[in-house]
Amino acid sequence: MSFVCLADFQAHAREHLSKSTWDFIDGGADDCFTRDDNIAAFKRIRLRPRFLRDVSQVDIKTTIQGEQISAPICIAPTGFHSLAWPDGEMSTARAAQAADICYITSTFASCTFEEIVTAAPRGLRWFQVYPYPNRELNKQLIQRVESLGFKALVMTLDVPTSGNRRQDTRNKLDLKTILLRKDLRFPEERHIASDLQMSPFDASFCWKDLSWFQGITQLPIILKGILTKEDAELAVKHNVQGIIVSNHGGRQLDDVAASIDALTEVVTAVQGKMEVYLDGGIRSGNDVLKALALGAKCVFLGRPILWGLACKGEQGVQEVLNILKKELHTSLTLAGCRSVAEISQDLVQFSRL
Ligand code: FNR
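Within each chain, residue numbers correspond to sequence positions counted from 1 in written order. Where totals are concerned, whole chains, interfaces and linings use all residues; where local detail is concerned, this predicted model gives features only for residues with pLDDT of at least 70, and gives and counts side-chain atom pairs only at 80 or more. Remark: hydrogens and water are excluded; side-chain values derive from all non-hydrogen atoms of the structure.

Student: Would you mind going over the overall build of the protein with me for this structure?
Tutor: When helices and strands are tallied, the protein shows 14 helices and 12 strands. Its C-alpha atoms give the protein a radius of gyration of 19 Å, near enough to 20 Å, the size a compact globule of 353 residues would have. Taken along the three principal axes of its C-alpha coordinates, the protein extends 60 × 50 × 40 Å. Here the protein holds 353 residues, and the buried ones make up 58% of them. Here a residue-residue contact requires only that any non-hydrogen atoms of the pair lie within 4.5 Å. Taking the intrachain contacts of the protein between residues at least 6 apart in sequence as the baseline, contacts between residues at least 24 apart amount to 73%. Helix and strand definitions follow DSSP, with helices as H or I runs of at least four residues and strands as E runs of at least two, each counted in order from the N terminus. The atom set for the radius of gyration is the C-alpha atoms, and the globule formula is 2.2 Å times the number of residues raised to the power 0.38. Per-residue accessibility, obtained with a 1.4 Å probe over protein chains only, is compared with the maximum for each type, and a residue is labelled buried under 20%, exposed over 50%, and partly exposed between these values.

Student: Would you mind showing me how to read the site of the ligand here?
Tutor: Being near a molecule or strand, for a residue, comes down to having at least one heavy atom within 4 Å of it. Taken together, 24 residues sit near the ligand, with Pro 77, Ser 106, Thr 156, Asp 279 and Arg 283 positioned nearest. Between N or O atoms, a polar contact is any pair within 3.5 Å; within protein, one atom must be a potential hydrogen donor and the other a potential acceptor, and residues adjacent in sequence are included only when both atoms are from side chains. At 3.4 Å, a side-chain N or O of Ser 246 approaches an oxygen atom of the ligand. Take Gly 281: an N or O atom from its main chain is 2.9 Å from an oxygen atom of the ligand. Relative to its unbound accessible surface of 610 Å², the ligand loses 97% to contact with the protein. Per-element tally for the shell around the ligand: the top contributor is helix H14 (residues 303–335), with three residues. Using a 1.4 Å probe, the Shrake-Rupley method yields the accessible areas, and only the shown protein chains count as cover for residues.

Student: What should I look at first to understand the side chain of Asp 287 in this one?
Tutor: You can see Asp 287 is positioned in helix H13 (residues 285–293). Positive charges come from Lys and Arg alone, negative charges from Asp and Glu alone, with His and the N- and C-terminal ends not counted. Salt bridge criterion: a side-chain nitrogen from Lys or Arg within 4 Å of a carboxyl oxygen from Asp or Glu. Within the buried core, Asp 287 has no salt-bridge partner, and the shortest N-O distance to an opposite charge, that of Lys 43, equals 4.7 Å. Discounting residues that sit within four places of it in the chain, Asp 287 has contacts with Phe 42, Gly 281 and Ile 282.

Student: What is the right way to look at the environment of Ile 221 in this model?
Tutor: Mapped onto the elements, Ile 221 comes out in strand E8 (residues 221–226). Owing to a relative accessible area of 1%, Ile 221 belongs among the buried residues under this scheme. Note: C-alpha distance between Ile 221 and Cys 206 (15 residues apart in sequence) is 15 Å. Once residues within four sequence positions are removed from consideration, Ile 221 is found in contact with Leu 153, Met 155, Phe 213, Gln 214, Val 240, Gln 241 and Gly 242.

Student: Where do I start with the pairing of strand E6 (residues 124–129) in this structure?
Tutor: Residues in a regular strand project their side chains so that they alternate between the two faces of the sheet. With respect to burial, E6 is a largely interior element, six of its six residues being buried. Residues Leu 124, Trp 126 and Gln 128 line one face of E6 and the alternating positions Arg 125, Phe 127 and Val 129 line the opposite face, and both faces are buried. At least two bridges found by DSSP between two strands are what make those strands a pair. With four bridges connecting them, strand E5 (residues 102–105) and E6 associate as parallel partners. Bridge pairing in E6 links Tyr 103 to Arg 125. Between the parallel pair E5 and E6, the chain is carried across by helix H5 (residues 113–119), and the sense of this crossover is right-handed. As judged from the three bridges shared by E6 and strand E7 (residues 153–156), these two strands associate in the parallel manner. Within E7, the residue paired with Phe 127 across the bridge is Leu 153. Looking down the strands as they point away from you, a crossover is right-handed if its path from the first strand over the helix to the second goes clockwise. Each parallel crossover has a hand, and the one from E6 via helix H6 (residues 135–147) to E7 is right-handed.

Student: Would you explain the packing of aromatic side chains in this entry?
Tutor: Each pair of aromatic rings is reported with the distance of its centres and the angle of its planes. Here a pair means two rings of Phe, Tyr or Trp (six-membered ring of Trp) with centres within 6.5 Å. Their orientation is stacked below 30 degrees between planes, edge-to-face above 60, and tilted elsewhere. Applying the stated criterion across every chain yields a total of 12 aromatic pairs. Aromatic side chains Phe 108 and Tyr 130 sit 5.6 Å apart centroid to centroid with 40 degrees between the ring planes, which places their arrangement in the tilted category. Highlighted residues: Phe 108 in the loop between E5 and H5 and Tyr 130 in the loop between E6 and H6, separated in sequence by 22 residues. The burial state of Phe 108 is the same as that of Tyr 130; both residues are buried. For the pair Trp 212 and Phe 213, a centre-to-centre distance of 5.0 Å together with 85 degrees between the ring planes defines the contact as edge-to-face. Taking the relative accessible area as the measure of exposure, Phe 213 reaches 0% and is therefore buried. Grouping aromatic residues by their ring pairs yields a cluster made of Phe 24, Phe 80, Phe 108, Tyr 130 and Phe 201. Any Lys NZ or Arg CZ that is within 6 Å of a ring centre and within 35 degrees of that ring's normal is treated as a charge sitting over the ring. One Lys or Arg, Arg 251, reaches over the ring of Phe 24 and ends 5.1 Å from the middle of that ring.

Student: How should the environment of Leu 278 be read in this particular structure?
Tutor: Within the element layout of this structure, Leu 278 appears in strand E10 (residues 275–279). In this structure Leu 278 comes out as buried when scored by relative accessible area, which is 0%. Along the backbone, Leu 278 and Ile 260 are 18 residues apart, and their C-alpha atoms lie at a distance of 7.5 Å. For Leu 278, the residues in contact, after removing those within four places along its chain, are Phe 42, Ile 244, Val 245, Ser 259, Ile 260, Leu 263, Ala 291, Ala 296, Cys 298, Val 299 and Phe 300.

Honestly, it's all geometry; don't read function into it.
This is the structure in structure tokens:
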């Protein structure tokens, strides 16, 4: 099997994973409308290339939160990587380090955070955190990852409770069953896991509670899951350092806007006061180009990383990242941009179809 685009990894992963694992990774909430629209929305956007510019040298490097990365393509937090590959997040971390991009490690990583750092000590890492009812647990986790050299906290806002994923219900798969599976790793994290099982997410968490997190960490705080200008304005008011426009890959509230459709509203509201990133539906270099043209500083990949991992472990994740980087390089060249700084909104138009 030759792997030349992200869809090749998707097809191969689907064949090789068990049905319940595939459904867990692939699944969206309810009718999966938003999951599918995340991808369809990119196809409603057309490119407006410019020609007769010197594109003999094209550079896709950029920075996020002041750190240099080789491309505006990074890894979104997804839990349970050992469902896809035995040493799970350690492989993902090695691939991210080799690709010189940022890897947002999920709270629900199936390796310990120490193992992940040891596997790839030079990698740029951010840590994804849910507000728990037990704030002491949040504090311990945050102090632990800070001392391990994680460079930012990504707070996921769109999970006051789990979305309704029908396939997981049919397969009788839930967070608790996964956390308790003996064949997965979850070594010393099990105590955290068992706490989380009781009340994983704090549904009472509000804007006013953000300051508690800001008071216990020196790290930049990035809010993940913002989809409206109203919340973007509140994020500015609360002095956070970034936003990831995201609908959790369509796994939480269904029928919300595709991420790329929500991006302009958020970017406009933020008025350049912080970096805005995007995840959801990125499957090609052209998708990355469109997101950057609409104001994202960088994009993050969820499912494609798990496909790479399921197909070939660390090498698969590296290939997914390399393919996308190469596609982005080609997209920039064909569109007449020499660098990400030259990507502007004039590059896109919305199709009437
Ligand atoms: C996720 N996502 C997620 N988000 C988060 O903040 N914490 C998490 O632990 C997880 N876990 C998770 C598991 C799986 C299997 C998937 C598919 C997704 C959401 C993720 O960070 C991201 O928002 C989406 O996956 C982006 O959409 P694409 O790239 O999958 O289309």
